[in-house]
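The chain contents come next:
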Amino acid sequence: MLTPTSTPNGYDARPATDHSGLVRSFHDIESGRLDRDSPVVVLFSGGLDSTYQLHRLASAGFADIHAVYADLGAGEDISEQKHVAEQLSVHLHILDGREVFAEEYVRPAVAAQSVYLGTHPISSSLSRPLLAKLAVEQANALGATAVLHTANRSQNTMRRLNGALRLLGWTGAYGSPYDLDPVDRDQKVRELESRGLVHMSKRLTSVDSNLWCREFESGVLEDPEEHSVPEHLYRWSVLPTQSTATEIEIGFDRGVPCSIDGAELSLRVLIDTLNQRVGAFGIGRYSGLEHLQGGQKVLELREMPAAWILLRSYRHLETATLDAESIREKMHVEQIWVREALEGRWFANLRRASQSFMDTCASQVTGTVRWRLRHGTADTLSIRASHPLYLRDREGWERRATAEILD
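About the criteria used
- Residues numbered from 1 in each chain as written.
- Predicted model: local features only at pLDDT ≥ 70, side-chain atom pairs only at ≥ 80, totals over all residues.
- Heavy atoms only, no water.
- Disulfide = S-S within 2.5 Å.
- Helix = DSSP H or I, 4+ residues; strand = E, 2+ residues; numbered from the N terminus.
- Polar contact = N/O pair within 3.5 Å; in protein donor to acceptor, adjacent residues only side chain to side chain.
- Contact = heavy atoms within 4.5 Å.
- Pairing = 2+ DSSP bridges.
- Axes fitted to C-alpha atoms, helices over the stretch in contact; angles between N-to-C directions.
- Expected span 1.5 Å × (residues − 1).
- Buried < 20%, exposed > 50% of the residue type's maximum accessible area, 1.4 Å probe, protein only.

1. Overview of the state of the cysteines
Every disulfide links exactly two cysteines, by a covalent bond between their sulfur atoms. Following the criterion strictly, the structure yields 0 disulfides and no others. No disulfide involves Cys258; its sulfur sits 19 Å from the nearest other cysteine sulfur, which is in Cys361.

This is the structure:
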């Protein structure tokens with residue numbers, strides 16, 4: 001059994017060259033270094049990589065495999081996940097993380113204006129720490145000795161999940177066998193077909209979904225120089241053949257999105273509603289390049305209609321209620337917040353400290369923003385703050401200000 005050494009704050013205290021607690025290849029799994037009779041937890045999406053990993057664990061003789069599927073609001077049919085678990089004789093745990101994801105991960109991201117270098121709102125940086133937390137909780141409940149995932153070296157998910165697991169103080173084995181042992185797609189499909197899982201051959205791209213974002217990568221979408229996204233992959237931002245302009249008003253209470261058109265909603269329901277209503281106008285598609293740990297860049301393609309309008313609405317209300325110097329300083333701290341989340345340090349002190357600053361600023365952000373939605377874009381119609389700094393009558397203010405000076 002692998003037994004890493006952790007410090008009290010959760011950081012891995014071993015030298016960088018000591019990987020005794022990390023699972024980095026299928027050899028680590030199949031060589032006997034892991035206890036085959038102890039429970040093993042695997043983060044499971046139902047995709048090709050996670051299904052193949054379950055197959056390899058089962059083939060290696062692991063007797064107590066637990067696939068953890070976390071529902072973060074993607075709205076997916078999980079019949080395939082159930083079919084895989086039954087076919088491979090593994091235990092499937094379906095965990096509902098929708099409310100927690102909205103309240104504890106997306107809400108802070110809205111206040112932090114969490115956009116990567118001005119190109120796209122972050123998403124997996126928010127979901128990965130929650131996935132790690134849910135996996136650790138499940139592993140502790142089962143008495144598991146390992147938590148495994150499927151990130152590879154071309155995915156930032158590697159350092160986000162591994163970093164979160166370390167910071168959470170997980171003392172068992174952890175990591176991804178794809179780290180040092182990539183397996184080509186044809187081999188994975190061929191072996192899974194031999195287990196009766198023939199539907200995997202139809203997966204030509206990887207789609208990572210939650211209530212905040214649908215992200216597409218790999219397969220036909222690897223090349224930044226040619227990356228036309230097949231239209232059928234989009235669900236929220238399907239371009240309408242025709243659309244009639246409509247208005248929508250979003251309310252905030254101390255930085256928290258709380259209402260649409262005056263109707264109070266939970267944050268989870270509010271986000272889901274905005275994805276449908278705003279996305280219906282073809283709004284909320286993003287593309288950009290994001291750096292890997294070694295500095296190389298990979299393509300990011302996503303649809304995020306709710307994020308598109310919530311981040312803009314929040315900034316409008318923020319500028320209406322905070323002084324300019326506070327906003328300038330906040331914009332600097334925002335990128336610190338984003339960097340810490342991106343690099344897998346969600347549970348570390350610097351991200352938490354920067355969040356405290358965001359929350360202090362958010363305490364002033366109460367009001368509404370009304371938009372006119374039209375084909376492909378939106379325009380503001382009203383910015384109304386409870387305690388505004390803006391002027392509504394410039395000429396009157398000028399007369400009063402001049403009179404005060406002359407007096």
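Resuming the write-up.
2. Some points on the side chain of Arg159
Mapped onto the secondary structure, Arg159 falls in helix H6 (residues 157-167). Here Glu343 takes part through its side chain, which lies 2.6 Å from a polar atom of the side chain of Arg159. Those residues in contact with Arg159, other than ones at most four positions away along the chain, are His291, Leu292, Gln293, Leu342, Glu343 and Gly344.

3. Some words on the pairing of strand E12 (residues 256-260)
Here 4 bridges tie strand E11 (residues 246-253) to E12, and the two strands are oriented antiparallel to one another. Looking across to E12, one finds that Asp253 is bridged to Val256. In textbook terms, the turn of a hairpin is the stretch between consecutive antiparallel strands, and for E11 and E12 this stretch comprises 2 residues, one of which, Arg254, has a positive phi near 50°. By the bridge criterion, 2 bridges tie E12 to strand E13 (residues 263-264) in an arrangement that is antiparallel. In the sheet register, Ile260 faces E13, and the bridge partner there is Ala263. Taking the residues that link successive antiparallel strands as the turn, the E12-E13 hairpin has 2 residues, and the phi of Asp261 there is positive, at about 55°.

4. What about the sheet that holds strand E9 (residues 206-209)?
Strand order in the open sheet formed by 4 strands is E9-E10-E15-E14, and the pairing between neighbours is antiparallel. Every other strand in the sheet has two partners, leaving E9 and strand E14 (285-291) as the edge strands with one partner each. Averaged over neighbouring strand pairs, the angle between their axes works out to 25° when direction is ignored. In this structure, E9 lies alongside strand E10 (residues 214-217), joined through 4 bridges in antiparallel fashion. Paired with Asp208 across the strands is Glu215, a residue of E10.

5. Considering the sheet that holds E12
In a beta sheet, neighbouring strands are held together by backbone hydrogen bonds and run either parallel or antiparallel to one another. Strand order in the open sheet made by the 5 strands is E13-E12-E11-E16-E17, with antiparallel pairing throughout. Only two strands of the sheet have a single partner each, and these edge strands are E13 and strand E17 (377-385). Most of the contacts of helix H9 (residues 305-321) go to strand E16 (residues 367-374), to which it runs at about 135°, and overall it touches E11, E12, E16 and E17.

6. Points about helix H2 (residues 48-59)
Here H2 spans 16 Å end to end across 12 residues, near enough to the 16 Å set by a 1.5 Å rise per residue. Counting buried positions along H2 gives 10 out of 12 residues, so the element sits mostly inside the fold. Considered for burial, the residues of H2 that qualify are Leu48, Asp49, Ser50, Thr51, Tyr52, Gln53, Leu54, His55, Arg56 and Leu57. Turning to H2, the residues buried within the fold contact helix H1 (26-30), strand E2 (40-43), strand E3 (65-71), helix H3 (79-88), strand E7 (146-148) and helix H7 (185-193). Two residues or fewer past H2, Gly61 is found with a positive phi of approximately 95°.

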